[in-house]
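Okay, here's what each chain looks like letter by letter:
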Amino acid sequence: MNQSFFIGAVGAHQQLKRLAVQGNNIANVNTYAFKADKGRFAALMYDGVKNTEEAMVPTGVGAALRNTDTDFTPGAAADTGRPQDYMIGGEGFFALVDLVTGEVSLTRNGAFSMASLERASEEVDAYGNPIMEHIYYLSDGNGRFVLSSSGSMIEMTDPNEEQDVGVFDYINYNGMEKIGSTRFLAVDKNGGLRQGTSPVIHRALEMSNTDLAEEMTKVIESQRAYGMALKMVQTSDEIEATINNLRG
C-alpha cells in the first residue's frame, strides 16, 4: 500500500495525542502552581532495517509524539491573605511526606491546611493509660504533611503565624515524574536533594504557568494538521482504489 497512507494515519493519531496534552494544560489554567507540559515530536525510522537473517524488518514512518517535557517556569504571584498559603519566590519545591507509604513528593502548590494526628500525652487517666491528644500539623489537605527546613513535620501552635516551611531543590528538573496535577517525584538524574535558597512568601500562592493564548494557538495548529493528515489518508485511499480499478 502507498506509504503516504501510513504517514497520514500516524500523523492524525499523534495530533490527537498532542491535543490531549494541550487540553490538560488548558483545563489546569486556574490550578495553583500547575506546570504546563510541552509535546516533543521526533521522526520515526524511515530507512530499511535488516534483522540477523538479512531480512527486511518493517519500520514506522512519519513523526510521533516522543515525550512531554514539563515547563518549570514560575507562575505569577497571587496574594490570598490566607494564613496557611505559601509561595516560593524562585526555584525549588515544598516537600510532602505520606506517613502511610513513607513517600516524599515535591510540589510548588503551597495551598496548605491544618490536619490533626493523635499522640499520647504525659497525662494518664484513672486506669493509668496515657490520654490521647490531637496535635495539628501543616498539611496539603490530602493526607500528606509539609516538611520544615530541618526535614521534620510542622506542628501548628498558632494557625495565623508564619511557619518554617522548608524549600528543597535539585541540580536539574529534567525527567521528574509527574504525579497528579502539581506533585512530582525526583529521579536519579536529578541529582542529590539540597536545601533551597529561594525565599518563602507567606499568604500568597503561585498561579499556573499555562499561557492560554499559546495553548489555543497550538490547538488550532493541531486541528489543521489533523485535517491535513486525514486528507492524505483519503487521497492515498483514492489512489489505491483507482489503481485496483485499472487492474480490473
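A short tour of the structure in this document, coming up. (Residues numbered from 1 in each chain as written. Predicted model: local features only at pLDDT ≥ 70, side-chain atom pairs only at ≥ 80, totals over all residues. Heavy atoms only, no water.)

**Section: the overall build of the protein**
Scanning the protein for helices and strands turns up two helices and 17 strands. For the protein, the C-alpha radius of gyration of 26 Å lies well beyond 18 Å, the compact-globule estimate for 248 residues. Along the three orthogonal principal directions, the C-alpha set of the protein runs to about 100 × 45 × 35 Å. Burial analysis of the protein (248 residues in total) assigns 35% to the buried set. Counting only contacts in the protein whose residues sit at least 6 apart along the sequence, the fraction spanning at least 24 positions is 64%. (Helix = DSSP H or I, 4+ residues; strand = E, 2+ residues; numbered from the N terminus. Rg over C-alpha atoms; globule rule 2.2 N^0.38 Å. Buried < 20%, exposed > 50% of the residue type's maximum accessible area, 1.4 Å probe, protein only. Contact = heavy atoms within 4.5 Å.)

**A closer look at the pattern of salt bridges**
This model, assessed by the stated rule, comprises eleven salt bridges. A salt bridge links Glu-214 to Lys-38, with the shortest nitrogen-to-oxygen separation between them at 3.3 Å. Separated by 176 residues along the polypeptide, Glu-214 in helix 2 (residues 212–247) and Lys-38 in strand 1 (residues 37–43) bring together distant segments of the chain. The network of salt bridges with common partners includes Lys-38, Glu-214, Glu-215 and Lys-218. (Salt bridge = Lys/Arg side-chain N within 4 Å of Asp/Glu carboxyl O.)

**Quick notes on unusual backbone geometry**
A positive phi angle, close to 60°, is found at Ala-33, a residue other than glycine. You can see Ala-33 is positioned in the loop between helix 1 (3–27) and strand 1. In this structure, Arg-203 is a non-glycine residue whose phi angle is positive, near 60°. For Arg-203, the location among the structural elements is in the loop between strand 16 (200–202) and strand 17 (204–206).

**Points about the environment of His-202**
Among the secondary structure elements, His-202 is positioned in strand 16. His-202 sits 17 residues away from Val-219 along the chain, and the two C-alpha atoms are 36 Å apart. For His-202, the contacting residues outside a window of four places in its chain are Pro-83, Asp-85, Tyr-86, Asn-160, Glu-161 and Glu-162. At a separation of 2.7 Å, a polar atom in the side chain of His-202 contacts the main-chain carbonyl oxygen of Pro-83. (Polar contact = N/O pair within 3.5 Å; in protein donor to acceptor, adjacent residues only side chain to side chain.)

**Structural notes on the nonpolar core**
Within the largest apolar cluster, 14 residues are counted, with the highest numbers of intra-cluster contacts made by Phe-72, Phe-93, Leu-106, Tyr-173 and Met-176. When residues of this core are traced back to their parent elements, those giving at least two are strand 7 (94–98) and strand 10 (130–139). Once residues within four sequence positions are removed from consideration, Leu-106 is found in contact with Phe-93, Phe-94, Ala-95, Tyr-170, Met-176, Thr-182, Arg-183 and Phe-184. (Core = buried A, V, L, I, M, F, W, Y, C linked by side-chain atoms within 4.5 Å.)

**Digging into the side chain of Gln-163**
Secondary-structure assignment places Gln-163 in the loop between strand 11 (144–146) and strand 12 (168–169). Here Asp-158 takes part through its backbone oxygen, which lies 3.3 Å from a polar atom of the side chain of Gln-163. Those residues in contact with Gln-163 that sit more than four places away from it in its chain are Tyr-86, Ile-154, Glu-155, Met-156 and Asp-158.

**Side note on the layout of surface pockets**
One number sums up the size of the largest pocket: a volume of about 160 Å³. Around the largest pocket, the lining residues are Asp-37, Asn-67, Thr-68, Asp-69, Thr-70, Phe-72, Tyr-173, Asn-174, Gly-175, Met-176 and Lys-189. For the lining of the largest pocket, the per-class residue count stands at three nonpolar, five polar and three charged. (1 Å grid on protein atoms, 1.4 Å probe; cavity = no way out; pocket = protein on both sides within 12 Å on 5 of 7 lines; lining within 4 Å. Points joined across faces, edges and corners; volume = space filled by probe spheres on them. Nonpolar A, V, L, I, M, F, W, Y, C, P; charged D, E, K, R; others polar.)

**A short note on the environment of Val-200**
For Val-200, the location among the structural elements is in strand 16. Considering only alpha carbons, one finds Val-200 and Val-124, 76 residues apart in sequence, at a separation of 40 Å. Apart from the residues within four sequence positions on either side, Val-200 is in contact with Tyr-86, Met-87, Phe-94, Glu-162, Val-165 and Val-167.

**Quick word on the pairing of strand 8 (residues 104–107)**
As paired strands, strand 7 and strand 8 are joined by four bridges and run antiparallel to one another. Looking at strand 8, one finds that Phe-94 is bridged to Thr-107. Hairpin connection between strand 7 and strand 8: a loop of five residues separates the two successive antiparallel strands, and Gly-102 in this loop has a positive phi of roughly 80°. (Pairing = 2+ DSSP bridges.)

**What about the packing of aromatic side chains?**
This model, assessed by the stated rule, comprises eight aromatic pairs. With a centroid separation of 6.1 Å and 85° between ring planes, the pair formed by Tyr-137 and Phe-145 is classed as edge-to-face. Residues Tyr-137 and Phe-145 agree in their burial class; the two are buried. A connected cluster of aromatic rings, assembled from ring pairs, spans Phe-72, Phe-93, Tyr-173 and Phe-184. (Phe/Tyr/Trp six-rings, centres within 6.5 Å; stacked < 30°, edge-to-face > 60°.)

**Here we look at the side chain of Thr-210**
Assignment of secondary structure puts Thr-210 in the loop between strand 17 and helix 2. Side-chain polar atoms of Thr-210 contact the backbone oxygen of Asn-25, separated by 3.4 Å. Polar side-chain contacts of Thr-210 include one of 3.1 Å to the side chain of Ser-208. Ignoring anything within four residues of it in the chain, the contact list for Thr-210 reads Asn-25, Ile-26, Asn-28, Val-29, Phe-34, Ala-36 and Glu-215.

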